[in-house]
Amino acid sequence: MAILSLKNICFSYGITPVLENLSYDFEKGKMYCITGRSGAGKTTLLSLLSGLAAPTEGDILYNGDSIKKIDKYRLRSKYIGVIFQSFNLITKFTALENVTLSMDIAGIKGKDKKARALELLAEVGLDEDECNRRVLQLSGGQQQRVAIARALSCKPEIILADEPTGNLDTETQREIMEIFRSLAKKGKCVILVSHSPQVAEMCDETYALLRHSKKK
Amino acid sequence: MILYIIKNAFRCIGRSRGRNILIGIIVLAIALSACLGLSIRQAAENAKKETLEGMSVTATISFDRQSMMGNMLNEGENDEPPSFDRDAFSQMMGEASGLTLEEYKAYAEAPSVSGFYYTMSASLNGSDAFLPVTSDTPEEGSAADAPNGFSQGFGGKGGGRGQMMMGAQSDFSVEGVSSEEAMTAFMQGTASITRGENFDPLSDELNCIISEELATFNGLSVGDTVVLTNPNNEEELFTLAVVGIYNDTSANSDSFSMMGATSTDPANKIYMAYPALNGIIEVTAQNAATLTDENTGREYTTDIKSTLSATYSFKDLDSYYSFEEEVRELGLDDSYTVSSSDLESFEARMVPLNTLSQMAGYFLIVILIIGAIILIVLNIFNVRERKYEIGVLTAMGMKKGKVAAQFLTEIFAVTLAAVLLGAIIGGTVSVPVTNALLEGQVAQQTNRSDRIEESFGRGPGSGSITAPEGNAIPDDTGRERPQGGFKNLGAAAVDYITEIDSAMNITVVLQMLGIALLLTLISGAASMLFVMRYDPLKILANRD
């Protein structure tokens, strides 16, 4: 059963249609790539999936229920982990603080929060020294890792990532994609938005956004 | 849940020190100014409270002549000026004999009254062996009669004395008191018996106490007798036994003797029991004869005119305020007025502090308005600057309300810290600053009063006490203050509050906390409005 389904989704900015009649299904344990040319509506679709925007027509189902019935803040803080294209980290906080803040927002309690955050950051390849640095003192790749760790901190079933490898060197790209791959193996539903064919190649399924979407 | 918002707020404060220090300095300046303003207001309140607590409020009932004169003013017809009905006024004044002792006693039954006493004042002449103290130039042939080298002045042998009906003043002011409480100078400690003892206020025996000056002037001591005469009938003699001699430190005879009225000189004041003086008055009334003045042709009686005045005391100011309503219900008509010299004195003393308090109030309002505007602007800039952060937090799933709460916590924490620091500094400097400002106010008030005195041809601080005979009662400073329409404008007569001991107390601290809360809410409301308006998608899209 699909954990996330799009049912005849349409979205337009004013009178300009961006997405028309999209119907996709996303399952746990798989890695998806939404691809398309610039302006095709990739990021818009990601916003719809994360509840940052609402479709003008159609419905999005999470575990069979319409996300309209779910509190959008709850959806973003507990069920879906979002990795933004420009990472969107709190720049005055350290990497560790960014992750623990996300846990706080998700309502995760317990004394081991810090340990769990450090563990997550270690999983994405950051050592303790890097964890305690402010994010502006980290490289682009390291910031991307922090954004991934933050997205994972609330133990979501779905990971949404917008151009996760966009500004990274090849080696780092490969490492980041390995992280996503391992997450999918752990049963997460990973949805990547990218115009990179290499990323699309590494995914289980790819949805290409044109005027009318096509399944590869 | 709330804990992480607070934790996050403090973390943000720490990470944006520069901005928060700037806000803190501005709030500190506002808090310091507000603290001074509040402290001054509190000092005025404290001084008022302390003065009222230590003050026994007394009131008198007197005939409202001014109001009656207003009633006698006829409206002019056809653009004619209003005219005053002098005959009707004279007739009415003649009929207005004042309240009787029974009426005074009836009003003393009012529930608000805690104490009551009355005095009878009369003017009597001395005799050849008992002369009033005076510093006037001795008349020919009379100085030799003065004992101990004092000048005799008024009267002398024969008929120089006793011309009351012609407007001349008599020798002595005799006051008959109903109780020792009525001897206010003694009660307030400005006068004390130095030799002998006091008379029994309830006795009708002709015992009296006289001033040290009068005793020295006449070579009298305790146990001696003095002879007083009816100013209108020198044949009527009253022999009084001197049972005590007193010293009145508040008495200053210079201004009184200058007026040429020996009876108004405090040294010539004789105290005795009310029943005893009343007995003298009754005797003169029984023996009264009707005579005609040779010069004016007016008829007059030879009995001694006396003035009866009653004083009511109250446990507090509220009782005094309710007293007037009560006596009106008991039948006191509108031609009489209830007044309190204590209250007038108190209000006069409070003038500089009240003025300062009022100015501090206006200053406080201006400071808070300007402060609130500055903080609103600063917080709007702050929120706009942190727009991205708001977008990220809401995109992470933090509700806008919680983001706003975090911002509000930050503002409150910075404001509270600055306000507390301002309160500490303000508390330290409030007393010297208040006293310095108060000193300026007192000087201003004194200069103003002195200018008025000079305008009337009197010296600065002269006091200009011009009370009618037997109609002056001491205020709480022991000075005698005029009653019945005469006001002392002299600054020297008013004991202004010139210094305060403490201005800061828990009330000011609570008020400061209230200000911190108010400033937070006002400035925070603007921030919250912006936070609630922001759409995270737009913020992040613009960022991207």
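Residues numbered from 1 in each chain as written. Chains lettered and ligands numbered in written order. Predicted model: local features only at pLDDT ≥ 70, side-chain atom pairs only at ≥ 80, totals over all residues. Heavy atoms only, no water.

A tally of regular secondary structure across chain B gives 15 helices and 16 strands. In chain B, which comprises 544 residues, the share counted as buried stands at 48%. If you take every contact in chain B between residues at least 6 apart in sequence, the share linking residues at least 24 apart comes to 77%. Surface accessibility of chain B: about 26,300 Å² in total, with carbon and sulfur atoms responsible for 54%. (Helix = DSSP H or I, 4+ residues; strand = E, 2+ residues; numbered from the N terminus. Buried < 20%, exposed > 50% of the residue type's maximum accessible area, 1.4 Å probe, protein only. Contact = heavy atoms within 4.5 Å. Areas by Shrake-Rupley, 256 points an atom, 1.4 Å probe, with all protein chains shown as cover.)

This brings us to the overall build of chain A. In terms of helices and strands, chain A carries eight helices and 11 strands. For chain A, with 216 residues in total, the buried portion stands at 57%. Considering only contacts within chain A whose residues lie at least 6 apart along the sequence, 69% involve residues at least 24 apart. By element, 48% of the accessible surface of chain A is carried by carbon and sulfur atoms, the whole surface being about 9,600 Å².

All names here are of chain A. Two numbers describe how helix H3 (residues 95-106) lies on helix H4 (residues 113-123): the axes approach to 9 Å, and their chain directions differ by 120°. When the interaxial angle is binned, H3 and H4 end up oblique. For the pair H3 and H4, the crossing hand works out as right-handed. Judged by residue contacts, Ala95, Leu96, Val99, Thr100, Met103 and Asp104 of H3 engage Lys113, Lys114, Arg116, Ala117, Leu118, Leu120 and Leu121 from H4. When the residues that make up the contact of H3 with H4 are grouped by side-chain class, the tally is eight nonpolar, one polar and four charged. (Axes fitted to C-alpha atoms, helices over the stretch in contact; angles between N-to-C directions. Parallel < 35°, antiparallel > 145°, perpendicular 65-115°, else oblique. Left-handed = near helix turned anticlockwise from the far one by under 90°. Nonpolar A, V, L, I, M, F, W, Y, C, P; charged D, E, K, R; others polar.)

Judged by nonpolar contacts, the single largest core of 78 residues is most densely connected at Ile61(B), Ile210(B), Leu240(B), Ile270(B), Tyr312(B) and Phe323(B). Both domains that meet at this core, namely domain 1 (2-12 + 20-54 + 349-543) and domain 3 (115-314) of chain B, each give it at least three residues. What Tyr312(B) contacts, discounting residues up to four positions off in sequence, is Val57(B), Thr58(B), Ala59(B), Ile61(B), Tyr104(B), Tyr107(B), Ala108(B), Val113(B), Gly115(B), Phe116(B) and Phe323(B). Ranked by size, the runner-up nonpolar core spans 58 residues in total, among them Leu19(A), Phe26(A), Ile67(A) and Leu75(A). (Core = buried A, V, L, I, M, F, W, Y, C linked by side-chain atoms within 4.5 Å. Domains from an automatic or database assignment.)

All names here are of chain A. You will see that Asn63, though not glycine, has its phi angle at about 55°, which is positive. Within the secondary structure, Asn63 sits in the loop between strand S5 (57-62) and strand S6 (65-66). For Lys155, which is not glycine, the phi dihedral falls at a positive 50°.

Residues and elements named next belong to chain B. A cluster of nonpolar residues, Tyr362, Ile365, Ile369, Ile373, Val377 and Phe381, forms a patch on the protein surface that exposes about 630 Å² of accessible area. Relative to the helices and strands, Tyr362 resides in helix H11 (residues 341-385). Residue classification places Tyr362 among the exposed positions, given a relative accessible area of 52%. (Patch = residues over 30% accessible without salt bridge, like charges linked within 9 Å, V, L, I, M, F, W, Y side chains within 5 Å. Salt bridge = Lys/Arg side-chain N within 4 Å of Asp/Glu carboxyl O.)

All names here are of chain B. Bridge count for strand S6 (residues 191-196) against strand S9 (residues 233-248) is five bridges, and the pairing is antiparallel. By the bridge assignment for S9, Gly196 is matched with Gly244. Of the strand pairs in this sheet, strand S8 (residues 225-230) and S9 are connected by six bridges, and their pairing is antiparallel. Across the sheet, the residue bridging to Asn230 is Asn233, located in S9. (Pairing = 2+ DSSP bridges.)

Moving on to helix H9 (residues 274-286) of chain B. An ideal rise of 1.5 Å per residue puts 18 Å on 13 residues; H9(B) measures up with 18 Å between its terminal C-alpha atoms. Within the sequence span of H9(B), burial applies to Tyr274(B), Ala276(B), Leu277(B), Asn278(B), Ile280(B), Ile281(B) and Thr284(B). (Expected span 1.5 Å × (residues − 1).)

Residue and element names in this part refer to chain A. Mapped onto the elements, Asp162 comes out in strand S8 (residues 158-162). Lys42 is the oppositely charged side chain nearest to the buried, salt-bridge-free Asp162, at an N-O distance of 7.1 Å. Polar contacts involving the side chain of Asp162 include one to the side chain of Thr43, which spans 3.2 Å. For Asp162, the residues in contact, after removing those within four places along its chain, are Thr43, Leu46, Ile83, Phe84, Gln85 and Val193. (Lys, Arg positive; Asp, Glu negative; His and termini not counted. Polar contact = N/O pair within 3.5 Å; in protein donor to acceptor, adjacent residues only side chain to side chain.)

The predicted structure's coordinates, where accompanied by low pLDDT, should not be read in detail. Put simply, chain B has an average pLDDT of 78, and 77% of its residues get 70 or more. Note that residues 255-259 of chain B has pLDDT below 50 and, in this model, eight contacts with residues that lie over four places away or in other chains. (pLDDT = per-residue confidence, 0-100.)

Another point: helix H1 (residues 42-49) of chain A. Residue and element names in this part refer to chain A. The buried fraction of H1 amounts to seven of the eight residues, a majority that puts the element mostly inside the structure. Inspection of H1 places Lys42, Thr44, Leu45, Leu46, Ser47, Leu48 and Leu49 among the buried residues, and these make up the whole buried set. With its phi angle positive at about 80°, Gly51 sits one or two positions after the end of H1.

Another point: the environment of Phe93(A). Mapped onto the fold, Phe93(A) is located in the loop between strand S7 (80-83) and H3. Note on Phe93(A): relative accessible area 1%, which makes it buried. Residues Phe93(A) and Leu136(A), 43 residues apart in the sequence, show an inter-C-alpha distance of 8.8 Å. Those residues in contact with Phe93(A), other than ones at most four positions away along the chain, are Asn98(A), Leu101(A), Arg133(A), Arg134(A), Val135(A), Asn8(B), Arg11(B), Cys12(B) and Arg15(B).

The subject of this paragraph is the interface of chain A and chain B. Facing the 23 residues of chain A at the interface are 25 residues of chain B. A combined buried area of about 2,300 Å² lies between chain A and chain B, and 60% of that area is made up of carbon and sulfur atoms. It is Tyr73(A), Lys92(A) and Ile105(A) in chain A that bury the most area against chain B; as a group they hold 28% of the surface buried on that side. One can count four salt bridges joining chain A with chain B. The shortest N-O distance in the salt bridge between Glu389(B) and Lys92(A) comes to 2.9 Å. Between chain A and chain B we count six residue pairs in polar contact (both at pLDDT 80 or more) in total. The set of elements that each furnish at least two residues to the side of chain A that touches chain B consists of helix H2 (72-79) and H3 of chain A. The residue makeup of the side of chain A that touches chain B, split by class, is nine nonpolar, seven polar and seven charged. (Buried area = accessible area lost by both parts, 1.4 Å probe.)

Once that is clear, we can look at a negative patch on the surface. All names here are of chain B. Among the surface-exposed residues, Glu50, Glu53, Glu439, Glu499 and Asp501 lie close enough to one another that they form a single negatively charged patch. Inspection of the secondary structure puts Asp501 in the loop between strand S16 (480-482) and helix H14 (506-533). Using a relative accessible area of 71% as the deciding quantity, one classes Asp501 as exposed. (Charge placed at Lys NZ, Arg CZ, Asp CG, Glu CD.)

Moving on, we get to the pairing of S8(A). All names here are of chain A. Counting buried positions along S8 gives five out of five residues, so the element sits mostly inside the fold. Taking every second residue as pointing to the same face, both faces of S8 are buried, with Ile158, Leu160 and Asp162 on one and Ile159 and Ala161 on the other. Strand direction decides the pairing type here: S7 and S8, joined by four bridges, are parallel. What sits directly across from Ile83, in S8, is Ala161.

Moving on to the pattern of salt bridges. Residue and element names in this part refer to chain A. Applying the stated criterion across every chain, the model contains 18 salt bridges over all chains. Arg181 is the salt-bridge partner of Asp204, the closest N and O atoms lying 3.6 Å from each other. Pair noted here: Asp204 is in the loop between helix H8 (197-202) and strand S10 (205-209) and Arg181 is in helix H7 (residues 170-185), with a separation of 23 residues, a long-range link. Owing to a relative accessible area of 21%, Arg181 belongs among the partly exposed residues under this scheme.

Before going further, it helps to spend a moment on the environment of Leu183(A). All names here are of chain A. Position of Leu183 among the secondary structure elements: in helix H7. A sequence separation of 26 residues divides Leu183 from Glu157, and the C-alpha atoms of the two residues are 9.8 Å apart. With residues near it in sequence (within four places) discarded, Leu183 still touches Leu152, Ile159, Lys188 and Val190.

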